[in-house]
Amino acid sequence: MNAPFSPGRTAHREPFVAFVCDEATAESLRPIAIEQGWNPEKVNKGGLRNAVQTLSVSASPNVLLVDLSESGDPLNDINALAEVCEPGTVVIATGQVNDVRLYRDLVASGIQDYLLKPLNPDVLRETFVQAQAALSAPKQADATSERPHCAVAVIGTRGGVGASTLATSISWLLSEKAGRSTALLDLDVHFGTGALALDLEPGRGLTDAIENPSRIDGLFIERAMVKASDKLAVLSAEAPINSPVMTDGAAFFQLQEEIRGAFECTVVDLPRTMLVNYPHLITDVQVAVLVTELTLAAARDAIRILSWFKSNAPHTQMIVVANRVPAGGQLEISRKDFEGSIERKIDYLIPYDPKTAVQAAKLGKPLAEAGKSVKGLAPLAEIAERVIAYTDAAEDAPKDAKGKSKVDTGKGGSLLGRLSSLSIKLPSKKK
Ligand SMILES: Nc1ncnc2c1ncn2[C@@H]1O[C@H](COP(=O)(O)OP(=O)(O)OP(=O)(O)O)[C@@H](O)[C@H]1O
Ligand SMILES: [Mg+2]
């Protein structure tokens, strides 16, 4: 949980300690503890209150079972426990309240499981097996720690250009095709579609993290992320739209840190406004995919966002993607003019393909998956490959990451100047 690691103490970790409120619970617990090879004398009386007192002065065990029966406000009291319980402890709660909401809230706050009293021996056994598995499972990042972590942010120049579509597709490709464990962090806290697009419930993880950044640790991440597959997990929210996001950004930063430790790749769906409000979010991101449409407004904002990156995050490799590009040249701005105004090439062009987009939405699958065999959508896979190539190469040759060779920044000039040089065919206004 959240208490700082205490190396001196952790060397003497008990495998198992329980704090229960009544003798009946203690009695049902002891034989199962013995079966696991644990000391039955570690089943103490005193419930949650005693757990907090004891753990504030001694090392946290590997597996901790706490009885919430005497707690008036279990969620609040679990937070008090989190303050004194060190990271890495698997906490199992038990109590008499049969309420799925309480269960969900407890799990969201980092509890492994909540068992209803009276304790059933089979359920207990199963829970302990899972706790042991959680303890012995190698951290995903450990197995592949030789590879650098790959962090990519996907940003739209305008609303609705398809940034989230690309974010989900890239995360799917990184996880399924490149075989890397991937976290999709959807920072569109109120209106995010990361979970929806993958046919998942967003859960409370992201909202909890924002409300309580001090809770965020490895265990929290493990519990809060919603799994789309073995290799892909999502942290997304549908925060109530009557309340603004109250955070100084610490929660987002902390989340990125923890995700970095647990996954090989992070894909951040990053709304433009978040970039403005929390510029530090980009600190550890090696690649930014800027998704745009070919319109005048998007050209203006592409110029501004590219320039922002140049001044604030020159280490970030940019990939510019024109999405939803209609066939037949029905463009507000031609590709050539757009490239002229942003003073760099568009790296990838993805056609407007409503048929596959609708199919993807109906199936609850990423566009890249629904359109696997659609030729026009092949650039999606190329983008994911480029992302990996950039991040892997950045480790070998850090100077290359700064090179920005694709960006021709030599021309400069005012924003208006660069936009007004566009040869756009706008209908003339009636005088
Ligand atoms: N290449 C494409 N062809 C057709 N439709 C597309 C394409 N890419 C995305 N879409 C569709 O465009 C709509 C907007 O996409 P998406 O939600 O990804 O955009 P966004 O930039 O994340 O929007 P917001 O600003 O709301 O976050 C969705 O309905 C999506 O299915
Ligand atoms: Mg979006």
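Note that this is a predicted model, so its numbers are computed, not measured. (Residues numbered from 1 in each chain as written. Chains lettered and ligands numbered in written order. Predicted model: local features only at pLDDT ≥ 70, side-chain atom pairs only at ≥ 80, totals over all residues.)

I keep staring at the sheet that holds strand S2 (residues 43–45) and nothing clicks. Help me out?
Either a parallel or an antiparallel arrangement is found when strands of a sheet pair, and the pairing is made through backbone hydrogen bonds. Ordered by their spatial adjacency, five strands build an open sheet running S2-S1-S3-S4-S5, and the pairing between neighbours is parallel. Where the open sheet ends on each side, the last strands, each with one partner, are S2 and strand S5 (113–116). Each adjacent strand pair in this sheet contributes to an overall mean axis angle of 20 degrees, direction not counted. Where strand S4 (residues 90–95) and S5 come together, four bridges link them in parallel fashion. Counted as the bridge partner of Ala93 is Tyr114 from S5. On top of the sheet, helix H3 (residues 47–55) reaches strand S1 (16–20), S2 and strand S3 (63–67); it is set at about 140 degrees to S3, its chief contact. Together, S3, S4 and S5 form the strand contacts of helix H6 (residues 121–136), whose direction differs from that of S4 by roughly 160 degrees. (Pairing = 2+ DSSP bridges. Helix = DSSP H or I, 4+ residues; strand = E, 2+ residues; numbered from the N terminus. Axes fitted to C-alpha atoms, helices over the stretch in contact; angles between N-to-C directions. Contact = placed C-beta atoms within 7 Å.)

Can you walk me through the site of ligand 1 in this structure?
The local shell around ligand 1 holds 18 residues, among which Gly159, Gly162, Ser164, Thr165 and Ala357 are the closest. Elements with a contribution of two residues or more to the shell around ligand 1: helix H8 (163–177), strand S12 (317–325) and helix H16 (354–363). Looking at side-chain class alone, the shell around ligand 1 contains seven nonpolar, eight polar and three charged residues. (Near = placed C-beta within 6 Å. Nonpolar A, V, L, I, M, F, W, Y, C, P; charged D, E, K, R; others polar.)

How do you make sense of the packing of helix H14 (residues 296–312) against helix H15 (residues 335–342) when you look at a structure like this?
How two helices pack is summed up by the angle between their axes together with the distance between the axes. Closest axis-to-axis distance for the H14/H15 pair is 9 Å, and the angle between their directions is 35 degrees. Read as a crossing pair, H14 and H15 show a hand that is right-handed. Across from Ala299, Ala302, Ile303 and Leu306 in H14, the residues of H15 making contact are Phe338, Ser341 and Ile342. Among the residues forming the contact of H14 with H15, the class breakdown is six nonpolar, one polar and no charged. (Left-handed = near helix turned anticlockwise from the far one by under 90°.)

Explain the sheet that holds strand S6 (residues 150–156) here, please?
Within the open sheet, the eight strands sit side by side as S8-S9-S7-S10-S6-S11-S12-S13. Their pairing is mixed. Each edge of the sheet is formed by a strand with only one pairing partner; in this case those strands are strand S8 (226–227) and strand S13 (348–351). In the sheet, S6 pairs with strand S10 (residues 265–269) via five bridges, with the strands oriented parallel. When the bridges of S10 are listed, Val154 appears paired with Asp269.

Explanation requested: unusual backbone geometry in the structure shown.
Trans peptide bonds make up the majority, and among non-glycine residues the majority have a negative phi. A cis geometry characterises the amide bond from Lys117 onward to Pro118, with omega recorded as 0 degrees. Examined against the element boundaries, Pro118 turns out to sit in the loop between S5 and H6. The phi angle at Glu343 is positive, at roughly 60 degrees, despite the residue not being glycine. Its place among the elements puts Glu343 in the loop between H15 and S13.

What am I meant to see in the nonpolar core here?
Where a protein is soluble and globular, its nonpolar side chains tend to be buried together. Within the largest apolar cluster, 83 residues are counted, with the highest numbers of intra-cluster contacts made by Val152, Val154, Ile155, Ile170, Val289, Leu290 and Val321. Per element, the largest residue contribution to this core is seven residues, and it comes from H8. Discounting residues that sit within four places of it in the chain, Ile155 has contacts with Ala163, Leu270, Arg272, Leu275, Ala288, Leu290, Val291 and Ile305. One finds Phe16, Val20, Ala33 and Leu55 within the second-largest nonpolar core, a separate group that totals 33 residues. (Core = buried A, V, L, I, M, F, W, Y, C linked by C-beta atoms within 7 Å. Buried ≥ 20, exposed ≤ 12 C-beta atoms within 10 Å, placed from the backbone.)

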